[in-house]
Structures are given as C-alpha cells and as structure tokens.
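Analysis of the macromolecular model
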Amino acid sequence: MPDTPVLPGSGGAGSGGLDGGAGGIGGTTGLDGSEPPKQDTAPITSCDDSGAPCDASIQAPDVTGMGGALGNDGSPVSGGGSGGGGTGGGNGTGGSSSPDARPRSDGPPYAITEYSIPTTGSEPWVITVGPDGNLWFTEHSSDKIGRITPDGDITEFSVPGRSSTPDTITAGPDGNLWFTEYESNQIGRITPDGQISEFPTPSSTSRPTGITAGPDGNLWFTEYNSGRIGRITPTGSITEFPLPSSSCQPSRIVAGPDGNLWFVERSSNRIGRISTSGVITEYSISGYSVGPYDVTVGPDGNIWFTQMDGGRIGRLDPSDARSMSAFSIPTTGSDPAGIAPGPDGNIWFTERGGNKIAFITPNGDISEFSLSASGRTGGAEPQSIVAGPDGNMWFTEAGTNKIGRIVPY
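Not measured: the values here are computed from a predicted model.

**Examining the sheet that holds strand S6 (residues 154-158)**
The strand order across the open sheet formed by 4 strands is S3-S4-S5-S6, and the pairing between neighbours is antiparallel. If you trace the sheet from one side to the other, it starts and ends with strand S3 (124-129) and S6, each paired once. Averaged over all adjacent pairs, the angle separating strand axes in this sheet is 25°, with direction ignored.

Here you go:
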C-alpha cells in the first residue's frame, strides 16, 4: 500500500519555495504539505471467540506523513509556495516544515504510517517479529493476539477464556509465538496459523509479564507479582526460580550476549541476571526515581533499558555490570517504555508520556520524533517497538488503538 495516497479529483501539487520547503498538496482548500490526506478503512472481518483462525482482514493505513524538506545546510526549513489547482480543484497551500525533521544524506526525513486495529479499545501492547515474516502483537484489553503483515493487513485471534490480559509476546525456538497472560496467570503459545495452547504457572497469582527465548532452547519469563523468574520448555513444563525479594516486580527479560538472561526489577530499581541453571545476580541502579521497565541488547553488545520513572535510558556492559551509564531524555515526562535495537545501528524506544518515538546512538545521543495522534489521555501512548522484517521500526499505540511504522534513517 502506498505511504502517500493520491485521491481522485484532487488539485495539483504545490511547488517548492526557494528555501527548499515541500510544496502543498492541491485540493479544494489545499492541505499542509507535511500532512498528506488519510485513506478510508477497508471492511474488516474479525475472529469470533472460539480461538479459531480467521481470514486476513485488510486494513488501509492512516498516513501521518513525512517531515518538511531540508535546506542546503541540513536543517529543517519552511514550506514551499502554493500549488496550482487541478481540474475542479482550487489552489493548494504551501508545504510546511516539521519541527522533528532530521538531516539525512540519502533521502527525506522520517515517515510514519499507522494502521487501525479492527477491535475497538484493544489496547495493543507488545509487538515482535514472528517466524513467518509477519509482526505479532498482544491486545491487552481485548484478550486477543494480533498479526500484521509488512503491508499492513491485520488478523486477530481470540485467546480462550476471559480476562487473560496478554502482555508480552516473543518468537520461540519451536517456530511458534509465546506470550504471557497477566491476569489468568498462564503462558500462551500460538502457532503461525492461529492455534492457541495455554499453560498455567505453578504460582496461582504470578502475573507473568515479560518473556523471551533463551539460549538453552527454552522460554524464560518474569513473574511480576510473585517475584520469580520462570522457565518453560517448548512442551509446556515450567520451573520457577525465586528472586531474593518477592516484591521486586520483575518486568521484562532478554537473552544476553553472554549466555545469560537479563531482566529488570521495576520496584527495587535493579538489573538482574540469571544463568540457564538458575543462578541469580542483581545490580542496583543509581539515580533518582528510576523504575526500569524494558530491556534489550543493543547492536554494540551492551544491555540497554528504559527508566520509566526517571526519564532516562540506561546502559551496562554485561562483562562489567556494576559500571552503568544513564542518558536523560530531552522531553520532560517522557515515560520511556519499550526499547529495541534498530537496523541502523541505534537503539529505538517509545515515549509513552512524551507521545514520541526516539532513538539513542551507542554514544548516547538522542533524537525524538513526535506522534500527532491523540488518544484516550491526549496522546498515542506508544508502548512497544521492534525492528520489522522490512527494515523499518514497528510500534504499538495503546492510546489510539493502532500499529505504527516509522522508517529509520
């Protein structure tokens, strides 16, 4: 599907100004060149509550558009002149620059595309890449697992039972997707064609949250409420490892480059490491109001994590975890949530409170990109982010019920 749709009967495109701005799109009244028109949504076919797979639902994208053009010095500039009207249309207004435009030598600034989820109020939460070349995501409030193709076609699969609250999802070593069910205290498994199986955790109030594939061929997950790290085999056998503090609230977990699993403890402000044999080590995070939330491995081989309460991005070397660095995010109240390595060699993250997508270089330089959408609390509430099979970054918008795609530099 095209990123910038052309609508029948619209006016001619505006020409660029002398300062290099993008021309406006022609039309009856003309539109700002930084915001192309949105497409209508195609009919949607949803799944029923049986959990059986359903046909793919075709979803046309809501295109937010690209930032303004760049001047010769690489800085954002003002828009171009107005465009002449096409047949039946008036003149378009001149294009405007985007305050978030960033210089790049090989093309235009970033572009964001959004895809609406068929189920209203689904609250998309965590997104990952599946073994089938598609992206899979959890729907926190609708008890469903979603699948979106790189072209934007969305299919949903109902999780058996009610109030399961699927949280994190990851690709497993067995060719399936595995996810946590926060409210129903279960680990779920879904095949690429939508068949779901569930496995209860031994602790009845465990509240499993994060999950990742381990280097040992098993899945490892965190138990937010019981203060344990769990391990589940591809056949569904579960083992639990208690942490020193049962109230530390382990959140997300990732397989490290050192053969261990690394996780964050939300309330105790620690980074934890667990070996595949169950040996646990913890490291305190210095700083004020840290609240670590998500964790990933960067392209540089370091462990990177979001500090939601502190508004910072943390970094540690797995070979010397006591030496940590923290980088403050420019936006106040950013509430960084999801974090993932990008194909461009940077580490990308979401700002749930700041309504932005951002990346940080391995050296600690941060760039931010605003989302224009307004959700339940006044923002898109971007939650999770992952590098897609198409070389772009994909993210969830919990507040606007959409899946977003941003083209990295």
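**Observations regarding the sheet that holds strand S9 (residues 186-190)**
An order of S7-S8-S9-S10 is seen for the 4 strands of this open sheet, with the pairing classed as antiparallel. Both edges of this open sheet fall to strand S7 (166-171) and strand S10 (196-200), since each of them pairs with a single strand only. Here the strands of the sheet are splayed against their neighbours by 20° on average, with no regard to which way each runs. Sheet topology note: the strand S8 (residues 177-181)/S9 ladder contains 5 bridges and is antiparallel. Note that in S9 the partner of phenylalanine 179 across the bridge is glycine 188.

**What about unusual backbone geometry?**
In the Ramachandran plot, serine 163 falls in the positive-phi region, its phi being about 55° despite a non-glycine side chain. When you line up the elements, serine 163 lands in the loop between S6 and S7. Its identity as a non-glycine residue notwithstanding, arginine 207 has a phi of 55°, on the positive side. Relative to the helices and strands, arginine 207 is located in the loop between S10 and strand S11 (208-213). In this structure arginine 207 comes out as partly exposed when scored by relative accessible area, which is 21%.

**Focus: the packing of aromatic side chains**
Taken as a whole, this structure holds 10 aromatic pairs when the rule is applied. Both rings, one in tryptophan 348 and one in phenylalanine 369, keep their centres 6.0 Å apart while their planes meet at 15°; by these two values the pair is stacked. Pair noted here: tryptophan 348 is in strand S24 (residues 347-351) and phenylalanine 369 is in strand S26 (residues 366-370), with a separation of 21 residues, a long-range link. Classification of tryptophan 348 as buried rests on a relative accessible area of 0%. Ring pairs connect the aromatic residues Trp348, Phe359 and Phe369, which therefore count as one cluster. Positioned above the aromatic ring of tyrosine 182, the side-chain terminus of arginine 207 is 5.6 Å from the ring centre.

The rules behind these values
Residues numbered from 1 in each chain as written. Predicted model: local features only at pLDDT ≥ 70, side-chain atom pairs only at ≥ 80, totals over all residues. Heavy atoms only, no water. Pairing = 2+ DSSP bridges. Helix = DSSP H or I, 4+ residues; strand = E, 2+ residues; numbered from the N terminus. Axes fitted to C-alpha atoms, helices over the stretch in contact; angles between N-to-C directions. Buried < 20%, exposed > 50% of the residue type's maximum accessible area, 1.4 Å probe, protein only. Phe/Tyr/Trp six-rings, centres within 6.5 Å; stacked < 30°, edge-to-face > 60°. Lys NZ or Arg CZ within 6 Å of the ring centre and 35° of its normal.

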